[in-house]
Amino acid sequence: MSQKVQRNAPCPCGSGKKYKKCCMPKVREQSIHRADQREGIQQALSWINQHYRPQIDQWVEDVWLKNISVIQRQGIATADPQIRTIHDVNLLELLVAEGRFSEIESEATPLQLILNAETVNLDGVQRGYLEQLLHRPLRLYQVMECSPSESFTVEDCFSHESFLIEDKWGSRMFDPGDTVGLRMMETGSGWETSGAIYHIPTEHVDELKKRLQENETNFSIALAEFWLALVAAHV
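Residues numbered from 1 in each chain as written. Predicted model: local features only at pLDDT ≥ 70, side-chain atom pairs only at ≥ 80, totals over all residues. Heavy atoms only, no water.

What follows concerns the environment of V231. Structurally, the position occupied by V231 is in helix α8 (residues 219-232). Leaving out residues up to four positions away in the same chain, V231 has contacts with G75, I76, A79 and I83. (Helix = DSSP H or I, 4+ residues; strand = E, 2+ residues; numbered from the N terminus. Contact = heavy atoms within 4.5 Å.)

Looking at where L130 falls in the secondary structure, it is placed in helix α6 (residues 124-131). The exposure class of L130 is buried, given its relative accessible area of 3%. Once the C-alpha coordinates of L130 and I41 are considered, the two residues, 89 residues apart in sequence, prove to be 7.4 Å apart. (Buried < 20%, exposed > 50% of the residue type's maximum accessible area, 1.4 Å probe, protein only.)

Closest axis-to-axis distance for the helix α2 (residues 53-64)/helix α4 (residues 81-98) pair is 11 Å, and the angle between their directions is 95°. Between α2 and α4, the crossing angle belongs to the class labelled roughly perpendicular. Along the contact surface, α2 presents I56, W59, V60 and W64, while α4 presents H87, N90, L91, L94 and L95. Here the residues of the contact of α2 with α4 are counted per class, giving seven nonpolar, two polar and no charged. (Axes fitted to C-alpha atoms, helices over the stretch in contact; angles between N-to-C directions. Parallel < 35°, antiparallel > 145°, perpendicular 65-115°, else oblique. Nonpolar A, V, L, I, M, F, W, Y, C, P; charged D, E, K, R; others polar.)

Next up on the list: α8. The first and last C-alpha atoms of α8 sit 20 Å apart over 14 residues, in line with the 20 Å expected at 1.5 Å per residue. Buried residues dominate α8, accounting for 13 of its 14 residues. Within two residues after α8, H234 carries a phi angle of roughly 55°, on the positive side. (Expected span 1.5 Å × (residues − 1).)

One broad trend across soluble globular proteins is that nonpolar side chains are buried collectively. With 52 residues, the main nonpolar core has W64, I114, L130, Y198, I200 and L223 as its most contacted residues. The element that contributes the greatest number of residues to this core is α8, accounting for 11 residues. Sequence-distant contacts of Y198, defined by excluding residues within four places in its chain, comprise W64, N90, L94, L138, T179, V180, G181, L223, A224 and W227. By size, the runner-up hydrophobic cluster in this structure holds 12 residues, among which are Y141, V143, C146 and I165. (Core = buried A, V, L, I, M, F, W, Y, C linked by side-chain atoms within 4.5 Å.)

Printed below as a string of structure tokens:
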């Protein structure tokens, strides 16, 4: 486990300067920037939940749980509370990023509704972050390297593009060799994930890859359904 760098200690980047005179301001700025983005996401999710709860419930039935049986739904409902929390985050992330309310003719996507709502007070950074969801697909990655409490590196399982994510929390969740579904988001300080996490046990990875190759036009839903089946089986 990495130790917190003290203000007057040599900077770990190797510059020879004290940490407070080198990378500390950058790290602090990154932390503030990410907190601002997350506050915007929370505002957006709170607003869409408050104003479109019936439509969300319908989307869950028509899309999220479309091919999930009654028995599987019971399995999801009785999953470990921590897994249930991840489930709820994944659901809302996919809804906002790629969802569509079929009964609303105009501005039919939740993201469009959020961005056009005058009562959602998003600043420019928060708005830009949410707009990225239109262009950042959910993909399957393998964790290549991991420095707990610092960062981790992942590689796309199909394109082999790699990303370094500086994330204290996320870096404590993964081990090298893990396979996980993530959505990459670009920020002023580098890459981070959108919050969705679809952790796939090693023994199920090959089956999932085959299924995703067969469902390239519906990649996100295929990944979510596969993961939901694992959650339902308490894998």
